[in-house]
Structure formats: C-alpha cells, structure tokens
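Residue strings, one per chain:
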Amino acid sequence: MVERKVVTRFAPSPTGFMHVGGVRTALYAWLWARKNGGTFILRIEDTDKDREVAGSIDHIKECLKWLELDWDEGPDKGGPHLPYVQSERLELYKRYAQILINKGLAYPDPYTSDQLDEFREQAELAGKPFLYREHRPAYLSGEGKNREKWDETKPLRFRTPEIKETKWNDLVYGELSAGPEALDDFILIKSDGYPTYNFAHIVDDIEMGVTHVMRGQEFISSTPKFLAVYEALEVLPPLFATLPPILAPDGKKKLGKRDGAKDLLEYRKEGYLPEAMINFLALLGWNPGTDQEIFRKEELVNSFKLEQVQRSGARLDEKKLDWINKEHLKTKPEKELEVLILERLPKEIRNPKLVPLILERISKFSDIDTMVKEKELEFFFVRPKIDRQKLSFKGTTAEETKENLRKAISALSAVQDFKKEEIKSVLMQVAEGLDGRGKLLHPVRFALSGLERSPDPFIIAEILGKDETLSRLKEVVK
Ligand code: GLU
C-alpha cells in the first residue's frame, strides 16, 4: 500500500472564544502534521448560523497566531481546496448529497417539526429512545431505490443502509463499538440549505484528503453514523484519535466555562510566553514516557506520539503552567526579557536595574502588575518609613541592633565595586561574627526596604546604589 501523506485539520466552529480544549486539539493536529512532514489545515465549520458568534473567526486565528501554529491551507492562506469556510462550500455538500440520493441513500424528510416532536413524545412515553428511522416514510420500505425528488425545501436525511453493530479502532482508545441504536437517519442538509456538521465535515475530510482526525470524546457517540456515511460513499474513513477530556482544576468535572475555562487570549494578557503555553497544552493529555517536562516547540514535534496520548482526563493546573512558564523564562535571552519586563512596568519606575530582581520573583509577566499594585517596588523610589518595633531581629535589643547596623555601615563604606556579590561578601563576613546572621541581615534589609517581606538586602543595596544605601542605614541609626 502506498503511504499517504499525513493531513490533519483543525476545524473549529465560530461559536465563541477558544479555550484550552480547542487549542489543545489544534496543537495535537499541528504536531502530528509537522512530525510527519504533513499538511495542517485550518477549516472553519460555520454551518450552524444560529450558534455563530461574531468575531470568533478572528479570535481563532489570533489564538493560533499567538502560539505560532501555522496552517498550510486555510483562510488567509489558500490552498488546493478553497474555500476553507464551510458556508462558502454549500454547492459541494449538495453534490455529495446528490450522490447519496442517486444511490437511494438520502431522502427528503416529510415531517413537520410538530410531527417529529410528537414521535419523540411517544417514544418517551413508551420508555424507548427516539429513532427517526422507525418513522421512515413508507415508500422507502421496499428493497429498491425508491426515491422522491428533493426540492431542497425540506431537510434531506441519510437513509442508513444497514442497521448493525459498529466496530472501529481509535488510535487512542483502541477498539470501540456501538450497538444498532447508535445508527439513525440523521439530517444531511437542513431546510435552510446548510449541511449539518455531521455531513459537512465528512465531505470536507474526504475532499481535503484528511488522514487523521483528532477531536474530543463527545464525538465518539456519533462516530457510527459517520462511518455509515463513509461506507455509503464508498470511501475509506480517516484514522480517528480521540483526545481525553480536560478536567476542571478540582479534577472532578469536565472543564467548562464555569469551571475555569477561559479565553485563551487571557493567558496572553496575563503574560505567559507562547512557548510555555504550548508546552503546557502538550502535556494536557500526552505523556512523553520520560521525566522530561520542559519542551521547546521543536522538541515537542520530535517527541510527540499519538500512541502516548492518554485516555484518562487531564486536569487543568495553572500552578503547573506557572512553573513551566518560569522554566521557559530562564531560557530566554536577557536582553529580550529586559524589554518585556520594562514594557510591563509603569513609566515612573521603568529602571533596568530592577530587572534581575523582578525576574527572580515572577513566574509570568502579570506578576509584575501585582508587585506594582502591592507596592513591592515602591521602596526603591520612595524612601520608606521605618517601623522601629520591627527593626530588631527577634531576641535582639535596640542597642545591639544599632551597633550591628554601624558595623554594616562601616563594612559597606569600604566597598568599591558596589555589586551584590561584593556587598554580600562583606556583609556576610560581619554577620558570621555575630551569634546569628539574622541579627545583621534582618535590620539591614528592613532599614532599606521597610517591608517585612522583600528581596535579600544585597540586591536591594546594589539597586539603591552606595550613597542611598548608606544614607538609609545612617538615618535609621540616628
Ligand atoms: N466543528 C467541530 C467543533 O468545533 C469540529 C469537530 C471535528 O473536529 O470534527 O466541535
């Protein structure tokens, strides 16, 4: 058999903002295409006009662009299967519908919605599942290709050729099967002329040569219907890889908009790095089989395997995202980080000297906003009021503290190159001579910052500079 070139697609419906679930699907499809030297397609599935939300398509593209998940074919890009927006492909779906009609495998639905409601109620009263195929119009009951002309004013339904048990293989979940009740005569084309998702995506996957379909578990129950259509069209279906659900932070419920599923672009606003976001999303359901947790994008492309996608739900853990982001921050060139950090600071305190200190304390850029809001950086620019009650280390008298601060002043006065390493070395020398380093380090830190929790005194002193450091210490001693 000739190996087919791998083709994957991301086929979102523009029904609102994308959250991690949607983007993870896109990422896995992208990774699989890139790994195999294949094609990654972006296709917009906008056939349900009632559910469409304005701006969604731009939002989807913006998310993919942020994460640099570039598509080879699709909107703005073109390709051999133009257009890539389903609402612009209606003629194609009708052509496929006609193939089924000609085979006697599609028929116009004769019922009004009231009649259908009635059937549904009857089934409910009888305690049975409602199956449309039990109400097929009588003329279809014979063996032959009995048909009625479809004038496109009525919905067109699929005539399921054979009601049987369905078995298929999922690349992640293995052997799956469903009983005959999973098959029914579903709508192919609605009375408004738009195809249903159930039909349109099959036509497009066939036309676009898609080899691997990645999507969520919610599509398993409809897969027997999809397979019946492939069979009716006499086309081999693609391979299916069902992705595990993403669970809310509590690990119990499926992630939903109420349980922490937020707009992906919120993460961008919060200042996560796109490469960290990708790393995080990749691990939401994929187990690399080693201890490695930090991956650059190219490493993901190399390592990712569909066989390693897990079946159990993956918990959305933003603490882990913070950790991953911090790890990625560490690998970024200093110059680049400096620009990003300074950009986030209010103009009045945009001082490059603060960069190393900030970097040490943040895991994402929005942590800088918090530091600013909590006035954790203010003491660098405004001399703090010192609460003398808090100046002394526990168990030390005020006199002792004063004496220790004097020692610090004289040690620091002698420092030529006022850098944190040098500052640390002289202060530690003094501190080691006391019965407890805290007796020196605490009051120095506190005298410089006025804060009970702050960075270490060495870095603060370096940023303040020699004059300001000595002057703050002297003022306290006075
Ligand atoms: N348009 C579908 C959705 O957004 C895509 C499902 C699929 O990938 O086939 O849920």
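Residues numbered from 1 in each chain as written. Predicted model: local features only at pLDDT ≥ 70, side-chain atom pairs only at ≥ 80, totals over all residues. Heavy atoms only, no water.

Caption draft 1: Molecular detail of the overall build of the protein chain. Looking only at helices and strands, one finds 18 helices and 11 strands in the protein chain. Here the C-alpha radius of gyration of the protein chain, 32 Å, is well above what a compact globule of 478 residues would show, namely 23 Å. Across its three principal directions, the C-alpha atoms of the protein chain cover 105 × 50 × 40 Å. Looking at the protein chain as a whole, 52% of its 478 residues are labelled buried. Roughly 23800 Å² of accessible area belongs to the protein chain as shown, and the carbon and sulfur atoms make up 50% of that amount. Mean positive and mean negative side-chain charge positions of the protein chain (77 and 81 charges, respectively) differ by 4 Å. (Helix = DSSP H or I, 4+ residues; strand = E, 2+ residues; numbered from the N terminus. Rg over C-alpha atoms; globule rule 2.2 N^0.38 Å. Buried < 20%, exposed > 50% of the residue type's maximum accessible area, 1.4 Å probe, protein only. Areas by Shrake-Rupley, 256 points an atom, 1.4 Å probe, with all protein chains shown as cover. Lys, Arg positive; Asp, Glu negative; His and termini not counted. Charge placed at Lys NZ, Arg CZ, Asp CG, Glu CD.)

Caption draft 2: Molecular detail of the site of the ligand. If you check the shell around the ligand, you find Arg9, Ala11, Pro12, Ser13, Glu45, Tyr197, Arg215 and Phe219 and nothing else. At 2.5 Å from an oxygen atom of the ligand is found a side-chain nitrogen or oxygen belonging to Tyr197. Take Arg215: an N or O atom from its side chain is 2.9 Å from an oxygen atom of the ligand. When isolated, the ligand has an accessible area of 300 Å², and the protein chains bury 79% of it. (Near = heavy atom within 4 Å. Polar contact = N/O pair within 3.5 Å; in protein donor to acceptor, adjacent residues only side chain to side chain.)

Caption draft 3: Quick peek at the pairing of strand β1 (residues 7-10). The side-chain alternation of β1 yields two buried faces, one formed by Val7 and Arg9 and the other by Thr8 and Phe10. One ladder, built from four bridges, connects β1 with strand β2 (residues 39-42); its direction is parallel. Along β2, the bridge assignment pairs Thr8 with Phe40. In this fold, the crossover linking β1 to β2 by way of helix α1 (residues 20-35) has right-handed handedness. (Pairing = 2+ DSSP bridges. Right-handed = clockwise from strand over helix to strand, strands pointing away.)

Caption draft 4: Main features of the side chain of Arg472. Inspection of the secondary structure assignment puts Arg472 in helix α18 (residues 466-477). In terms of polar contacts, Arg472 uses its side chain to reach the backbone carbonyl oxygen of Phe379, at 2.9 Å. Not counting chain neighbours up to four residues away, the residues in contact with Arg472 comprise Phe379, Phe380, Val382, Arg383, Pro384, Ala447, Leu448 and Leu464. (Contact = heavy atoms within 4.5 Å.)

Caption draft 5: Spatial organisation of the pattern of salt bridges. Taken as a whole, this structure holds 48 salt bridges when the rule is applied. A salt bridge links Lys262 to Glu318, with the shortest nitrogen-to-oxygen separation between them at 3.4 Å. Placement of Lys262 in the loop between β10 (246-247) and α7 (264-269) and of Glu318 in helix α10 (residues 318-330) is noted, with a sequence separation of 56 residues between them. The network of salt bridges with common partners includes Arg9, Arg43, Glu45, Arg89, Asp204 and Asp205. (Salt bridge = Lys/Arg side-chain N within 4 Å of Asp/Glu carboxyl O.)

Caption draft 6: Molecular detail of helix α4 (residues 113-125). Along its 13 residues, α4 runs 18 Å from first to last C-alpha, staying within 8% of the 18 Å computed at 1.5 Å per residue. Buried residues in α4 make contact with β4 (156-158). Gly127 occupies a position one or two residues after α4 and carries a positive phi of about 70°. (Expected span 1.5 Å × (residues − 1).)

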